[in-house]
Structure formats: C-alpha cells, structure tokens
Amino acid sequence: MGKRAEPTARQLRLATELRRLREAAGLNSRQAAALLGVNPAQITHIESALAGVSEQRIRRMASHYACTDTEFIDALVAMATDRTRGWWEEYRGLLPTSFLDLSELDHHSSFLREVSILFVPGLLQTEDYARAVFSSRVPDLTPEELELRVRYRMERQAISTPYEVIVHEAALRIRVSDRATSRTQLSRLLDLSEADHVTLRVIPFDLDGFSRASSTMTYAGGSVPKLDTVVRDAPHGSVFVDSEAQLDAYRTRFRKVRDVSLEPERSRDLIHRLTKEL
C-alpha cells in the first residue's frame, strides 16, 4: 500500500495515540520495530499517518507496549479499520481539508459541546446568516466559493449527536447582515432549542465573572475519554487539541461556563425577548 498524500485528522489522531503508547513504554521506534519484526521506517510511517495499520498490528503493538486498557485498544482498532466514506468526501479538493476533518469529527463524536461568543455556531446557523458570515472573509470569496461553503454548512447540520451549546448574548445581538436575517436566525434558535438532541444556554450581558466565558471552543467526545478532541479556530483554519492535560483544562473550562450560563428555559425566554425587539 502506498503512502497517504494527505492524512485526515482522524488518521493523524490514531497515529499520535500509537506514538504516545510507544513512548509511554519507554521504547524508541527502532526498538519497537525490532519487537514487531518490521522495518523502523514502517513505524515512522504509521506514527505519521502516512501508512495505515491493521487490527492485528495494533493489538500486537498494545501488547508489546504493555497497554492493558482494552476499551482504549478497541477504540483504536475501530479508528484504524473504519471505512466510512461520509458525505463530506464530495467536497474533497473543493474546500480546505479542515472543513472535512470537522465533519468527520462530528460524525464519530459521542457528544458535542460548544461555547460561542461572537457568532451563532455553524451547526445552528440559517442559510442567510451563514452566507453573511462567509461573505465577511478576507480575502473575498468568489460567488462559487461562497455558495459552496454555505451548502457545506447546511449539510453539516444534519446530525443527531447530543449537542450542548452555550452562546453569548453578544452573538445573538450582533447583526452579521440585516434585521430580517437576525430575526430569522433567532427564531431558528428557538426552534432548535426544542430538539431532543440540543441543549441551548445563553450567557447574558449582565453576567458576573465573564472572564470564565471569554473563549470560543468546540469539545467533541470520543468513543472513550482519551479520544476526546477540542477544536479551536485559528487564522489558518481549525486546530485540533488532544493532549490529556489540555483536554482536562477544557473540560473544566466548559463546566465553569455552563455554571454561569442561564438554564435552557431562561435562555429561550431571553432569545424570545431579543426576537421581539427586532
């Protein structure tokens, strides 16, 4: 099998976890290769996600690396052997890879948690709101690029994963377009807040201790906690965070933000009031 030209974020995560297991065992790549009876270059290719890895090899690695967490090993095997070709693949080569990686993460997540300060989250945006957001991009998108991103964002919303989202009142008040677009967007938030898989909370302006809620983030639950992922926006695209220390910090941060946000019913009341003001 030839080397991959562009590994996905999920493939890179598997490679990272295999490298971490080896390092935790105190082995270098040459020693690991000797135990597995392979060329050291194969270990390098596997740990850089340039080559796939079989279930049998993962289980042999886990054995040689003295990993006894069977649930975690099974989760790595599932990552390695999954052959899902999701709807996002039709956009490969048309959109930046980070868009596709985000949809793949959505698909495999056991839950999603999000904090958004200045914009309504993409999973909740109306078409007109999304178009206005993408229209503000610098440099400007061509009309074709703009519509492609809007279409992708609308398709991405077709998820049933448990989704807990906390939105600051600023995002609800900022008009990314005109009054009608804002009103329709708020109405959509009210509708979606009633969905079985959505829990929507609002951080009001008159909140004490706002510094706890000053950072946008998306937290995606993995099949096991070790495989959780945090997504942060950056100028060059999404950044995936997966170290245990950072994940634990973001878990704590989300709990603190949740603690100071309004309960779902009071959040709907605030959104309803803002809608009437428009």
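What this report covers is the structure whose coordinates are included nearby.

What counts as what
Residues numbered from 1 in each chain as written. Predicted model: local features only at pLDDT ≥ 70, side-chain atom pairs only at ≥ 80, totals over all residues. Heavy atoms only, no water. Buried < 20%, exposed > 50% of the residue type's maximum accessible area, 1.4 Å probe, protein only. Helix = DSSP H or I, 4+ residues; strand = E, 2+ residues; numbered from the N terminus. Pairing = 2+ DSSP bridges. Phe/Tyr/Trp six-rings, centres within 6.5 Å; stacked < 30°, edge-to-face > 60°. Lys NZ or Arg CZ within 6 Å of the ring centre and 35° of its normal. Polar contact = N/O pair within 3.5 Å; in protein donor to acceptor, adjacent residues only side chain to side chain.

**As for the pairing of strand β4 (residues 217–221)**
Moving on, step 1. In terms of burial, β4 is largely enclosed, as five of its five residues are buried.
Moving on, step 2. Residues Met217, Tyr219 and Gly221 of β4 are buried on one face, and the alternating residues Thr218 and Ala220, pointing to the opposite face, are buried as well.
Moving on, step 3. For strand β1 (residues 111–116) and β4, the ladder comprises five bridges, and the chain directions are antiparallel. The partner of Val115 across the bridge, within β4, is Met217.

**What about the packing of aromatic side chains?**
Moving on, step 1. Evaluation of the coordinates by the stated rule reveals six aromatic pairs.
Moving on, step 2. Centre to centre, the rings of Phe111 and Tyr219 are 6.1 Å apart; their planes meet at 5 degrees, and the pair counts as stacked. With Phe111 in strand β1 and Tyr219 in strand β4, this residue pair connects regions lying 108 residues apart in the sequence.
Moving on, step 3. The partly exposed category is assigned to Phe111, whose relative accessible area is 22%.
Moving on, step 4. Counting every residue linked through ring pairs, the aromatic cluster contains Trp87, Trp88, Tyr91, Phe99 and Tyr152.
Moving on, step 5. Positioned above the aromatic ring of Phe72 is the side chain of Lys226, whose terminal nitrogen or guanidinium carbon lies 4.7 Å from the ring centre.

**Digging into the pairing of strand β2 (residues 163–168)**
Moving on, step 1. The buried fraction of β2 is high, at six of six residues.
Moving on, step 2. Covered by surrounding structure in β2 are Tyr163, Val165 and Val167 together with Glu164, Ile166 and His168, the residues of both alternating faces.
Moving on, step 3. Pairing of β1 with β2 involves five bridges; the strand directions are parallel. Bridge pairing in β2 places Arg113 opposite Glu164.
Moving on, step 4. Pairing geometry for β2 and strand β3 (residues 198–203), over six bridges, is parallel. Bridge pairing in β3 links Ile166 to Arg201.

**Observations regarding the environment of Arg83**
Moving on, step 1. One can find Arg83 in the loop between α5 (70–81) and α6 (97–108).
Moving on, step 2. On the basis of relative accessible area, Arg83 is assigned to the exposed category, the value being 66%.
Moving on, step 3. Considered as a pair, Arg83 and Phe111 are 28 residues apart in the sequence and their alpha carbons are 21 Å apart.
Moving on, step 4. A distance of 3.0 Å separates a polar atom in the side chain of Arg83 from the backbone oxygen of Ala80.

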